[in-house]
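Reading the structure
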Amino acid sequence: MSPELLYLVVGATIWAVGLGGLLLVHHMLRRVIAVNLMGSGVFLVLVALAARSSPPDPVLQALVVTGLVVAISATAFAVRLASARAQHSSGTPEVERPGGDES
Amino acid sequence: MNYALASLAIPFTVALLTLLLQRRSEANPIVPAITVLATAVSLVFAGLALETQAVSGAVSHLNVGGWDSPLAIRLRLTPLKALLLGFVALIHLLTGLYAWRAKPKIARDYWPLSALLHTSLAALILSADIFNLYVTLELLSLSAVALVCLSGPKAYTPALYYLLLSLGASLCYLMGVAVIYGQYGVLDMTVLAGIMEADHSTRFALLLMTAGLMLKGALWPLHLWLPEAHTYAPTPVSALLSGLVVKGPLFILWQLWNNLAPEALAREMGPLFAAGGVVALVSGGWSAFRAPFIKTLVAYSTVAQLGYALMGLGLLLFLQERIYAVALWLFVLAHGLAKVSMFLAAGEMQTLLGSKRVTAMRGATQTIPITMSAFAIAGISLIGMPPTGGFLAKWSLLEPLFTQANHWPWASGVLLGTFVSAAYVFRAIALGFYQAPMSREPRHFDRVSQWLALLPALLVGLMAFAGQDLIAWMAGVTQT
Amino acid sequence: MNWTNALPVVAVFSSLLPGLLIFALREQQQGLRTGLNLLGVTVKLIVVGVMLWGVSQGLDFRVEAPFLPGGALILHGDALSLQFVSLSAVLWMATTIYAIGYLRGTPLQSRFFGYFSICVSATVGVALAGNLITFLLFYELLTLATYPLVVHRGTREALDAGRSYLAYTVAGGTLLLMGIAVLHALSGSPQFVPGGYLASVPARHGPALTVAFALLITGLGVKAALIPLHGWLPKAMVAPTPVSALLHAVAVVKAGAFGIVRVIYDVYGAETLEQLDLTAPLIAVAAFTVIFASLRALQQRHLKRRLAYSTVSQLSYIVLGAALLGPIAAVGGLVHLIHQGIMKITLFFCAGAFEKTLGVHRISEMDGIGRRMPLTMSAFTVGALGMTGIPPTAGFISKWFLAAGGLEVGQPWVVWLFVVSGLLNAAYFLPLVYRGWFSIPTAEWPEDHQPESGWETRRMLLLPTLFTALLTLLMGLLAGSALGPLGWSQLIVAREFPL
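Residues numbered from 1 in each chain as written. Chains lettered and ligands numbered in written order. Predicted model: local features only at pLDDT ≥ 70, side-chain atom pairs only at ≥ 80, totals over all residues. Heavy atoms only, no water.

This part covers a nonpolar patch on the surface. Residue and element names in this part refer to chain C. On the surface, a cluster of nonpolar side chains totalling about 500 Å² of accessible area is made up of Trp-3, Ile-46, Val-50, Trp-53 and Leu-59. In terms of residues, the nonpolar patch owes the most to one element, helix H2 (residues 30-56), which gives three residues. By secondary structure assignment, the location of Val-50 is in helix H2. Looking at Val-50, the relative accessible area reads 30%, which means it is partly exposed. (Patch = residues over 30% accessible without salt bridge, like charges linked within 9 Å, V, L, I, M, F, W, Y side chains within 5 Å. Areas by Shrake-Rupley, 256 points an atom, 1.4 Å probe, with all protein chains shown as cover. Salt bridge = Lys/Arg side-chain N within 4 Å of Asp/Glu carboxyl O. Helix = DSSP H or I, 4+ residues; strand = E, 2+ residues; numbered from the N terminus. Buried < 20%, exposed > 50% of the residue type's maximum accessible area, 1.4 Å probe, protein only.)

So this is what it looks like as structure tokens:
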């Protein structure tokens, strides 16, 4: 198995794990993390695809950089929204404690 | 192309400008004026773009910043795209006017955010490659979610669900993009259109992208997030979300399957889309019929009506006849206008009647006749009775089905859709005809905002009188 | 556009515009509202008069605007449309006056008269429609504009009636749309042609034509109240009496019956229908409706409901006349379109006058009502005798032609059908006449509103009633003259049905 293929498989797996987490987990913070996992998976796939040629494909690297920017801002927004929601529902500024899955 | 670019750049500038203008002060009164005015200018530019494009029938390209093909941000303008640009600007203008006038005052952040939403929709429409579409999709979702949040803490939960599902959906889409690029090494849609093959990895990529887009577009069965989000958003935002935002992903889906996908795959997928559309019509309609709140009713009706669009798409792919593309985009236009009117009317009712419940509409024909007319006319368009735009769209979907005997069964989907829509629309209208409880006078009575709610309904209500020209023109517009 | 093109448009807009203006009026602006109504009525009567004259002279009133691909918006005043247009224009005049009297002092009159005028415009549009697409447009408008009138009182009972009205008519409208779409896919929607434009469709499309015919007749049959599609009509009697009178006895149900006549003669044509053998089921349903609805009418204890079932029965005379595909039967059906309208509206006007003046709703309360309200009861008697078909009233003429038409096409059972139906009519109408004149009032009237003028009821209720009763008599007595509805029906048959 070539390293690129390995990275491809790993990336796809991470993406799938993230997707599963998003659909199956109820805790909001964990879902935010799940979405981030999905993102990382896709980026890994993209980078692995870029590494197939040498020099590595610049287009894909540009895509990953753009994607990262999007992912960071989206995550920031999601975390802020989750904490605002938690603050509103519990009266404390903390995000719900991990483990205490809300239904 | 320059006109289209102007139509995109104006809301973007306004978004930045309004952010700066209201940094400190509480609510700057000129912000709404600027935004509405700019939207009007953007509409004019979109109209100019449409005129030049539709007259020449041409397709233009632009590489932003002068970069070359793979790295550049490529924009592409076709007549249909110009039409949609104009439609987006028009809906923004109508809701903007209402939001300006609305009482209680809408949160001041509405203005920069709606301008941002306008920008991202315009960018989505103009984008020529599948990765830029991902970026615009994300922008669209982020601004839409932020707009939902404007109605305060009660909207946080649905907004967060909307955001997370939307992000997940974007990443499904992005995975599909990665697979396609891995196979073909191209992102540009015009290039891809010629070289895609009907093999397994292409099919897989298309399915991933489709799943993501269907989730974002609230197409059945991935619509579950929509009713909550649309119900809890402030009224003008609900109108924007239902009228426009769900149509963005639908437009990408259309490009994906109509332009990119090999015909064999498209034919395979067509019946699935069409069947999904029929189920959406029935299940969404049923939920609307059972809905306890006015806005929930309207939101579920969006789920149902998107079923018509999905049916149009499915039949287009399956039967490969242009007329279904006309039907699909007529549905989008008619539904957009009708839904704006309906949500604005629903919002007016909530304020005037002091209750969110459908049952509060008792006697509304007597207490708030103009608002009730807006709701009723828009509803009649959703049912598809002549001479509304909904009728025109339904007719262009229905009539060609009867040209061949083996397509007749699909007509029963339209039949069911009509019955179900009639049920939920008339359920609400009938309540309006109860004798009004005379004691409850409306709290305040702003005629202008009621007429603003009625305006889109009147537009869509008389749309079919231009039917022949409109269908012929749309047939030309949807060619490319 | 010259004046012959403009007239059909004016005929539609002469009630549509006043209707829209009336919506904007405040409740108190009674004078202005009445003025607008009467202005519309006058303009429409003049236009219809000119068009009647024009068509008898061979002029063609036609206007066309683009609407859908292959299906323009056509308004065309031919002899058949004018039959229906003049009926609705004349009765609109009578009912407007009646309604002003009937609704005096009740709330929401602007809403009522607004929708009322739109209904009349839709009816005139249905009549003048030159092709199926235009017909559909006005037919659906009629459904929508009638609903607010059915539920006008805003009570639970009215809303229930409204729900059932909508369920039937929206479903019917959708089936009609399907049928029209099937035909449109085959041949577009050209203008109605005497003898039917589908004659040129190749024979291999026979199954499609059959399905479309079934869809169209079912869709139209809902409004024409063919059994078992009649359920909405008796319930809709909860509406104010002018609505029952004009709409449920005349405009709405006639729109259905008129549509069936159009489909039979000007879309399919007798020849195509005979080839495909499509009329037999329709004849059977119509004949069954004639008898069964009469039996149902006998069971009703409520005056307006008895009249409603009588309407169901009588409408099928028209359908039967058209479906027999013979010229004499066609004359009978067409003339009954007019006669039934005039007679039935007389009866409804009387029922409304009884209700408003004495609070009488039920048949058992009618004992001796003729002594208290002799003029109204006289009008009722004329209408009832007409319905029974006793000479010299208008109803006799219709039945005579229908029965003769049955013999002409070799269906002698039709004669017996009308004999039985006549007996049933007598059985449910004559006892009312007897009660009214000869029974002795057993108790006080439920209410008693003697108007100060000294007349037996409000003048605006009485005069339209006497007017239509007089028409019923005149149409019977002067049936031979060329100007009456009978002469006009013969003109239609001669001109339009190349049988």
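Each partner contributes to the interface: chain A provides 33 residues, whereas chain B provides 29 residues. Summed over both sides, the interface between chain A and chain B buries roughly 2800 Å², with carbon and sulfur atoms accounting for 86% of that surface. For the chain A face of the interface with chain B, the top three residues by lost area are Val-59, Phe-77 and Leu-81 of chain A, together amounting to 19%. Counting across the interface, chain A meets chain B through four residue pairs in polar contact (both at pLDDT 80 or more). Looking at the side of chain A that touches chain B, the elements with two or more residues in it are helix H1 (3-24), helix H2 (28-50) and helix H3 (58-90) of chain A. (Contact = heavy atoms within 4.5 Å. Buried area = accessible area lost by both parts, 1.4 Å probe. Polar contact = N/O pair within 3.5 Å; in protein donor to acceptor, adjacent residues only side chain to side chain.)

Along the chain, Glu-444 of chain C turns up in the loop between helix H16 (413-438) and helix H17 (459-477). As a C-alpha pair, Glu-444 of chain C and Leu-358 of chain C span 86 residues in sequence and 9.5 Å in three-dimensional space.

A word on the interface of chain C and chain B. At the junction of the two partners, chain C supplies 35 residues and chain B supplies 33 residues. With both sides pooled, the region where chain C packs onto chain B buries about 3000 Å², and carbon together with sulfur makes up 79% of that total. In this structure, the connection of chain C to chain B is made through zero salt bridges. Run the count over chain C and chain B and you get six residue pairs in polar contact (both at pLDDT 80 or more). Within the residue set of the side of chain C that touches chain B, elements represented by two or more residues are strand S1 (61-68), helix H4 (109-128), helix H5 (132-150), helix H6 (156-187) and helix H7 (206-223) of chain C. Counted by class, the side of chain C that touches chain B contains 27 nonpolar, four polar and four charged residues. (Nonpolar A, V, L, I, M, F, W, Y, C, P; charged D, E, K, R; others polar.)

For the rest of this paragraph, the subject is the confidence of the model for chain C. Per-residue confidence for chain C gives a mean pLDDT of 88; residues scoring 70 or more make up 99%. Taken element by element, chain C is modelled with least confidence in helix H18 (residues 485-496) of chain C, mean pLDDT 83, and with most confidence in H5 of chain C, mean pLDDT 93. (pLDDT = per-residue confidence, 0-100.)

Residue and element names in this part refer to chain C. Along the polypeptide, Ser-15 turns up in helix H1 (residues 3-23). Here Val-12 takes part through its backbone oxygen, which lies 3.4 Å from a polar atom of the side chain of Ser-15. A distance of 2.9 Å separates the side chain of Ser-15 from the side chain of Lys-44, its partner in a polar contact. Once residues lying within four places of it in the same chain are set aside, the contact partners of Ser-15 are Lys-44, Trp-92, Ser-117, Val-120 and Ser-121.

Residues Ile-130, Tyr-173, Trp-257 and Phe-375 of chain B together with Tyr-268 and Phe-354 of chain C are the most contacted members of the largest nonpolar core, which totals 411 residues. Broken down by element, the residue count for this core peaks at 22 residues, all from helix H14 (residues 322-353) of chain B. If you count residues domain by domain, this core takes at least three from each of domain 1 (1-128) and domain 2 (261-480) of chain B. Core analysis: the next-biggest nonpolar cluster, separate from the first, contains five residues, Ile-10, Val-14, Ala-15 and Ala-115 of chain B among them. (Core = buried A, V, L, I, M, F, W, Y, C linked by side-chain atoms within 4.5 Å. Domains from an automatic or database assignment.)

Take the environment of Gln-490 of chain C next. Within the secondary structure, Gln-490 of chain C is located in helix H18. If we skip the residues at most four places from it in the chain, Gln-490 of chain C touches Val-331 and Phe-401 of chain C.

Attention now goes to the pattern of salt bridges. Residues and elements named next belong to chain C. As enumerated under the stated definition, the model contains eight salt bridges over all chains in all. Here Asp-367 and Arg-435 are joined by a salt bridge, their closest N and O atoms 3.0 Å apart. Of this pair, Asp-367 sits in the loop between helix H12 (327-358) and helix H13 (369-372) while Arg-435 sits in helix H16, and the two are 68 residues apart along the sequence. Residue Arg-435 is classed as partly exposed on the basis of its relative accessible area of 26%. A cluster of three or more residues bridged by salt bridges with shared partners is formed by Asp-78, Arg-262 and Asp-266.

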